[in-house]
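# Structure at a glance
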Amino acid sequence: MSVYDKLKALNITLPAVSAPAAAYLPFAQTGNLVFLSGHLAKKDGKVIVGQLGKNVSTEEGKAAARAIAIDLMGTLHAAVGDLNKVKRIVKVMSLVNSTSDFTEQHLVTNGCSELLGEVFGDAGKHARSAFGVAQIPMGACVEIEMIAEVG
């Protein structure tokens, strides 16, 4: 089953690439690696703001991370033209806007990781880091960047 068939089965439509909010590119490719800049959690085009452990629950954060995975796949599609060219999702790095006593960043980030696994199968299994941070641009609750190998 192609990546696009899986996306259709999950009722996912890939968004267009968002314009950068500052002086950077949405993606850069070197050799077979595509580096995707950090994507902020959004719903209906608006940044999802808040802090885990204060006014955003782990489940809400996980849903936000899932939404970011969809945005990341949209950007990756724009970068390579065909998601079936993805050999592997190599690395995901997640920044979770959280209080100093919140310790479930890894569970929030599962929203992204689990969807990548569903869509890409074994090629979606990746190395990962999940950090709690004091703040993210625009007050977003989650920001995620990704590295993919394409062939």
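Residues numbered from 1 in each chain as written. Predicted model: local features only at pLDDT ≥ 70, side-chain atom pairs only at ≥ 80, totals over all residues. Heavy atoms only, no water.

## Examining the sheet that holds strand β6 (residues 127-133)
Our working rule: Between any two strands, at least two bridges found by DSSP are needed for them to pair. In this description a helix means any DSSP run of H or I spanning at least four residues, a strand means any run of E spanning at least two, and both kinds are numbered starting from the N terminus. With axes taken as lines fitted to C-alpha atoms, and helix axes fitted only over the stretch in contact, angles between N-to-C directions fall between 0 and 180 degrees. Every residue pair with non-hydrogen atoms within 4.5 Å of one another is taken to be in contact.
Strand order in the open sheet made by the 5 strands is β1-β2-β7-β5-β6, with mixed pairing throughout. Each edge of the open sheet carries a strand with a single partner, namely β1 (27-30) and β6. Strand after strand, the sheet turns through a mean of 15 degrees between neighbouring axes, direction not considered. When strand β5 (residues 86-97) meets strand β7 (residues 142-150), the two strands line up antiparallel, connected through 9 bridges. Note that in β7 the partner of Ser 94 across the bridge is Ile 144. Packed onto the sheet, helix α2 (residues 58-80) meets β1, β2 (33-40), β5 and β7 and runs at close to 140 degrees relative to β2. Taken strand by strand, helix α3 (residues 105-120) contacts β5, β6 and β7, and its axis lies near 160 degrees from that of β5.

## Comments concerning α2
Rules: Expected helix span is taken as 1.5 Å per residue step, with the number of steps being one fewer than the number of residues.
Taking 1.5 Å of rise per residue, 23 residues should cover 33 Å, and α2 covers 33 Å from first to last C-alpha, within 8% of that figure. Of the residues flanking the end of α2, it is Gly 81, one or two places downstream, whose phi is positive at about 85 degrees.

## Regarding the layout of surface pockets
Short version of the rule: Grid points spaced at 1 Å over the protein atoms alone were grouped into cavities, where a 1.4 Å probe fits but cannot get out, and pockets, open sets with protein on both sides within 12 Å along at least five of seven lines, with lining residues defined by an atom within 4 Å of a point. Grid points are joined across faces, edges and corners, and a volume is the space filled by probe spheres set on the points. Any residue outside Ala, Val, Leu, Ile, Met, Phe, Trp, Tyr, Cys, Pro, Asp, Glu, Lys and Arg is labelled polar, Gly included; the first ten of those are nonpolar and the last four are charged.
Estimates place the volume of the largest pocket at around 340 Å³. Around the largest pocket sit 19 residues that line it, and Ala 21, Tyr 24, Gly 38, His 39 and Leu 40 are the ones nearest its centre. Listed by contribution, the elements that provide at least two residues to the lining of the largest pocket are β2, α2 and β7. It is β2 that contributes the most residues to the lining of the largest pocket, 4 residues altogether. Partitioning the lining of the largest pocket into residue classes produces 10 nonpolar, 5 polar and 4 charged. By volume, the second largest pocket is sized at about 150 Å³. For the second largest pocket, the full set of lining residues is Lys 42, Lys 43, Ile 48, Val 56, Glu 60, Gly 61, Ala 63, Ala 64, Ala 67 and Cys 141. Put simply, the parts of the chain that give the lining of the second largest pocket at least two residues each are β3 (42-43) and α2.

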